[in-house]
Amino acid sequence: MNFREFLKENIVLFDGGMGTLLQQRGLKAGQLPERMNITERDVITEIHTAYFDAGSNVVTANTFGASSLKFSDDELEEIIKAAIENVKEAAQKSVSYAEKFVALDIGPLGRLLKPLGDLDFEEAVKIFAKTVTLGEKYGADLIIIETMNDSYETKAAVLAAKENSNLPIVVTNAYGEDKKLMTGASPATMAVMLSSLDVDMIGANCSLGPKELYDVIRDLLKYSKKPVVFQPNAGLPMVKDGQTVFNITAKEFASSVCDLVDKGVRGVGGCCGTTPEYIAELRKGIIDKKPKPVLKKNYTAVTSYTNTVFFGDSPLLIGERINPTGKKRFKEALKNGDMDYILNEGVLQQEKGAHILDVNVGLPEIDEEKMLVSAVKELQAVTDLPLQIDTSDFLALESALRIYNGKPLINSVNGKKESMDAVFPLVKKYGGTVIALTLDENGIPKTSEERVSIAEKILNEAQKYGIDKTDIVFDTLALTVSAENDAAVHTLNALKTIKEKLGCHTSLGVSNVSFGLPNRDTVNSTFFALALNNGLSAAIMNPFSVAMMNTYYSFKVLSGQDQNCSDYINNCGNSDTNNDIKTEELTLESAIIKGFKDKAGEITKELLKSENPLDIVNLKIIPALNEVGVAYEEKRAYLPSLLISAEAAKSAFEVIKSTIKSENNENKGKIVIATVKGDIHDIGKNILKLLLENYGFSVVDLGKDVAPEKVLEAVIEHKAKIVGLSALMTTTVPFMEETVKLIHQKVKDCVVMVGGAVLTQEYADSIGADKYAKDALEGVRYAESII
């Protein structure tokens, strides 16, 4: 029996933690645990055997950090080969009669992907692909992609797995106390995205104990179209007698986790702090439970990297202005590569109330594929709205879908065989909801009945690819009434039939109906109202059209979708008297807040002609950063917004530094930062560095895997008053403790702040740290309070 067959009829029992067990068996601080697959095979096999004996169906190979970032190609292959052989040997030694499977384990790379970090998306895919290829070569039964705290890195790993193997894929993400990933994605967003990518199981692991992750699992069960798996920590960590221990017993752990099996969870196991004892208790808890079927989810949705937009809750507005058709200024921006103009169009439409942004950069004079990829990447850096990727170029479409962070809306497929043959495989591979135009080889049918017939043909063809009707939104094609008197009638009839009889959502390019007529807004807004009344789910429209927006908010009021008429009243207060877009010049503050890096540099150059450099820093740059920082602290913005704004501020700082020698950094003093010895994960450290520098601190970055003695040397050399230490892995925390003690012993006037996924306030207190910073911005606030 293979894993997919087993999953259909069973609750899958995974294994538990590895790091803490290796520490108990002599893993030295800073030692790479993956090498123990070769050097201490007996130890590794013993742990695997204990998990199988406890009842685990799936035991994970000791390959969490096995990547080409850590090891040469030859050593990587040797490690993965040995790791999988160790699990296989354990399965043979085990006395358990349970079905057994070997999982290749893939953890995060420890670097943020562009544009937030320095690692290119395709490079990340290549790195993961090497591990995946070796895992399949040496006999893994499935792939577990775990502890991912970024949706984009998660997608890179999933694509690597899909493109380089046929193995089942289990994905578990690490959610924080705010129930989101580090880069802001909610459980709903990850469930929608990963379901669309067609992985086999979706879940949560690490970070917190079972009770703290209850709401995360509840949302995953609500939105995941795949079986849900849950592998929490054994509570919260603390240091006892020099060892990392956790605060929940095996029985308490099993009781909490098994309660969620009753809610529909189909896979259970443990992460940090859990042992074979915990898994044995889980086995007792699930032995008599029957697996609950995965309930069919009938939602239609698209996502950005953080947010999910559902069709059907309320009519959706798809902003149409990122499109060169009929827009001279936009065409010029495309030809000149003026990305800030394009980004501003996106941000302005979001401010006007658009829920999704259409992105069309098709122009004969440019490389559409290159520009579309660039526009999608840049827009996703400055807006958290989902994007509609709008192109008839199949190569450009695939390139954009590949790098899109989330589940996009795709515009479009139609009833032509050529179109369906090209688009549906891309939807299946990369995920997405696709707009389907009701036309075919014979053109656009005149009657509504013929358009509905094409819609049925498209649905039947999509099913052959395993694409459900919930991932198809039909456009019944608004044609100009000036050329055909009853065109709108047929469009509306087809729309209503598809909505009511086929049970699918609909979309229209509303403004097409009025081509050739005067006072087009009047015709468009009336047609829009008729379409909404006939069940229109989404409209591609201009959110700067007052008439269209008035119609939209009026319809919501009259259809009972606007509680207390609040949206309508707000719209009336904000409406302009015409359709002109406000084209006020960006200020430096707004450029930083919106994350327009190039524009921030340009504005700063102009300001320096008339203003004092330090005034620019203190009166414009720092207040803008503070505004974004407050939004981040209040959970109105997430890490990507913070980092993109920091990059824009950095651009402004660079202009100032190149013009005049600034003493601002020296005034605030030096801070030494490092990722502790044995840990190569430096995301948190790099974020802290970026923010500290933007707030005027001089940062001495020692990098990753830094010995305590090296940190001390830097503190003494630079006379630093603050040290920032980061660690992601429980196995490297002892080096953090050693570093803290060494600094306190040798330098009396230096404080140490610590942070990282495995730390808590209690944990930081137990190792003697002066400050626990839950995120980089809190670290900046602390530094400002000290210096």
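A. Representation of the overall build of the chain. Regarding its fold elements, the chain presents 31 helices and 25 strands. Dimensions of the chain, computed from the C-alpha atoms along their principal axes, are close to 85 × 75 × 50 Å. Counting across all 787 residues of the chain, residues that qualify as buried make up 60%. Across the chain, every contact between residues at least 6 apart in sequence was considered, and the portion connecting residues at least 24 apart equals 75%. When the accessible surface of the chain is split by element, carbon and sulfur atoms take 48% of a total near 31000 Å². A gap of 1 Å separates the mean positions of the 88 positive and 109 negative side-chain charges of the chain.

B. Spatial organisation of the nonpolar core. Ranked by size, the top nonpolar core spans 200 residues in total, and within it Ile145 and Ile621 carry the most contacts. Ranked by the residues each element gives to this core, the list is headed by helix 25 (residues 639-659), at 11 residues. Setting aside chain neighbours within four positions, we find Ile621 in contact with Leu588, Ile592, Ile616, Ala649, Ala652, Phe653 and Ile656. Residues Leu702, Leu725, Tyr763 and Tyr772 belong to the second largest nonpolar core, which totals 31 residues.

C. The packing of aromatic side chains, seen in detail. Using the criterion set out here, one finds 10 aromatic pairs in the structure. Ring centres of Phe3 and Phe101 lie 5.6 Å apart, and the angle between their planes is 85°; this geometry places the pair in the edge-to-face category. Highlighted residues: Phe3 in helix 1 (residues 3-9) and Phe101 in strand 3 (residues 101-106), separated in sequence by 98 residues. Ring geometry for Phe6 versus Phe101: centroids 5.5 Å apart, planes at 55°, classification tilted. Of this pair, Phe6 sits in helix 1 while Phe101 sits in strand 3, placing them 95 residues apart in sequence. The same class applies to Phe6 as to Phe101, namely buried. Three or more aromatic residues joined by ring pairs form one cluster here, namely Phe3, Phe6 and Phe101. We note Lys225 situated over the ring of Tyr299; from NZ or CZ to the ring centre the distance is 4.5 Å. Here the basic side chain of Lys635 rests over the ring of Tyr632, its NZ or CZ set 5.8 Å away from the ring centre.

D. Broad picture of empty space enclosed by the protein. Applying the stated criterion across every chain yields a total of 2 cavities of 30 Å³ or more. In this structure, the largest cavity spans a volume of roughly 200 Å³. Lining the largest cavity are 18 residues, and of these Lys114, Pro115, Tyr152, Gln380 and Asn405 sit closest to its centre. Among the secondary structure elements, those contributing two or more residues to the lining of the largest cavity are helix 7 (151-164), helix 14 (368-382) and helix 25. Of the residues contributing to the lining of the largest cavity, the split by class is 11 nonpolar, 4 polar and 3 charged. Within this model, the second largest cavity holds a volume of roughly 110 Å³. Forming the boundary of the second largest cavity are 17 residues, of which Phe64, Gly65, Ser67, Gly107 and Leu109 lie nearest the centre. Secondary structure elements with two or more residues in the lining of the second largest cavity: strand 3 and helix 6 (121-137). At 3 residues, the largest contribution of residues to the lining of the second largest cavity is made by helix 6.

E. Geometry of the layout of surface pockets. For the second largest pocket, the calculated volume is near 1100 Å³. Taken together, 39 residues make up the lining of the second largest pocket; nearest its centre are Glu320, Asn323, Thr325, Ser511 and Asn512. At the level of elements, strand 16 (409-414), strand 17 (433-437), helix 19 (520-533) and strand 20 (538-541) are the ones that each hand at least two residues to the lining of the second largest pocket. Looking at the lining of the second largest pocket residue by residue, the class counts come to 12 nonpolar, 18 polar and 9 charged.

F. Structural context of the pairing of strand 22 (residues 698-701). Both strand 21 (residues 670-675) and strand 22 contribute to a ladder of 4 bridges, which runs parallel. Paired with Ile671 across the strands is Val699, a residue of strand 22. On the question of chirality, the crossover connecting strand 21 to the parallel strand 22 by way of helix 27 (residues 683-694) is right-handed.

G. Highlighting the pattern of salt bridges. By the definition in use, this model includes 42 salt bridges. With its nearest N and O atoms 2.9 Å apart, the salt bridge here joins Glu85 to Arg41. Here Arg41 lies in helix 4 (residues 41-54) and Glu85 lies in helix 5 (residues 73-93), a separation of 44 residues in the sequence. For Arg41, a relative accessible area of 31% translates into the label partly exposed. Through salt bridges with shared partners, a single network forms among Glu122, Glu163, Arg402 and Lys429.

H. Region of interest: unusual backbone geometry. With omega at 10°, the peptide bond leading from Lys114 into Pro115 counts as cis. Within the secondary structure, Pro115 sits in the loop between strand 3 and helix 6. At Cys206, a position not held by glycine, the phi torsion is positive, near 65°. Phi at Lys635 takes a positive value of approximately 65°, unusual for a residue other than glycine. Of note, Lys635 is situated in the loop between helix 24 (613-633) and helix 25.

I. Inspection of helix 13 (residues 339-351) at higher detail. Taking 1.5 Å of rise per residue, 13 residues should cover 18 Å, and helix 13 covers 18 Å from first to last C-alpha, within 8% of that figure. Along helix 13, 10 of the 13 residues are buried, which leaves the element largely enclosed by surrounding structure. Among all positions in helix 13, only Met339, Asp340, Ile342, Leu343, Asn344, Glu345, Gly346, Val347, Leu348 and Gln349 are buried. Tucked into the core, helix 13 has its buried residues touching strand 13 (316-319), helix 12 (328-336), strand 14 (356-359), helix 14, helix 22 (588-594) and helix 23 (597-607). Gly353 sits one or two positions beyond helix 13 and adopts a positive phi of about 110°.

J. View of a negative patch on the surface. Together, Glu709, Glu713, Glu717 and Glu738 line one region of the surface with negative charge. Take the negative patch: its biggest share by element is 3 residues, from helix 28 (residues 708-718). Mapping Glu717 onto the fold places it in helix 28. Look at Glu717 and you get exposed, because its relative accessible area is 60%.

K. Broad picture of the side chain of Asn542. Within the secondary structure, Asn542 is located in the loop between strand 20 and helix 20 (546-558). Only 2.9 Å separates the side chain of Asn542 from the backbone nitrogen of Phe544, close enough to count as a polar contact. With residues near it in sequence (within four places) discarded, Asn542 still touches Glu320 and Arg321.

L. Up close: the sheet that holds strand 25 (residues 771-772). The 5 strands are arranged 22-21-23-24-25 in an open sheet whose pairing can be described as parallel. Two strands lie at the open edges of the sheet, namely strand 22 and strand 25, each paired on one side alone. When strand 23 (residues 722-726) meets strand 24 (residues 751-755), the two strands line up parallel, connected through 5 bridges. The residue of strand 24 that forms the bridge with Leu725 is Val754.

The rules behind the values
- Residues numbered from 1 in each chain as written.
- Predicted model: local features only at pLDDT ≥ 70, side-chain atom pairs only at ≥ 80, totals over all residues.
- Heavy atoms only, no water.
- Helix = DSSP H or I, 4+ residues; strand = E, 2+ residues; numbered from the N terminus.
- Buried < 20%, exposed > 50% of the residue type's maximum accessible area, 1.4 Å probe, protein only.
- Contact = heavy atoms within 4.5 Å.
- Areas by Shrake-Rupley, 256 points an atom, 1.4 Å probe, with all protein chains shown as cover.
- Lys, Arg positive; Asp, Glu negative; His and termini not counted.
- Charge placed at Lys NZ, Arg CZ, Asp CG, Glu CD.
- Core = buried A, V, L, I, M, F, W, Y, C linked by side-chain atoms within 4.5 Å.
- Phe/Tyr/Trp six-rings, centres within 6.5 Å; stacked < 30°, edge-to-face > 60°.
- Lys NZ or Arg CZ within 6 Å of the ring centre and 35° of its normal.
- 1 Å grid on protein atoms, 1.4 Å probe; cavity = no way out; pocket = protein on both sides within 12 Å on 5 of 7 lines; lining within 4 Å.
- Points joined across faces, edges and corners; volume = space filled by probe spheres on them.
- Nonpolar A, V, L, I, M, F, W, Y, C, P; charged D, E, K, R; others polar.
- Pairing = 2+ DSSP bridges.
- Right-handed = clockwise from strand over helix to strand, strands pointing away.
- Salt bridge = Lys/Arg side-chain N within 4 Å of Asp/Glu carboxyl O.
- Expected span 1.5 Å × (residues − 1).
- Patch = residues over 30% accessible without salt bridge, like charges linked within 9 Å, V, L, I, M, F, W, Y side chains within 5 Å.
- Polar contact = N/O pair within 3.5 Å; in protein donor to acceptor, adjacent residues only side chain to side chain.

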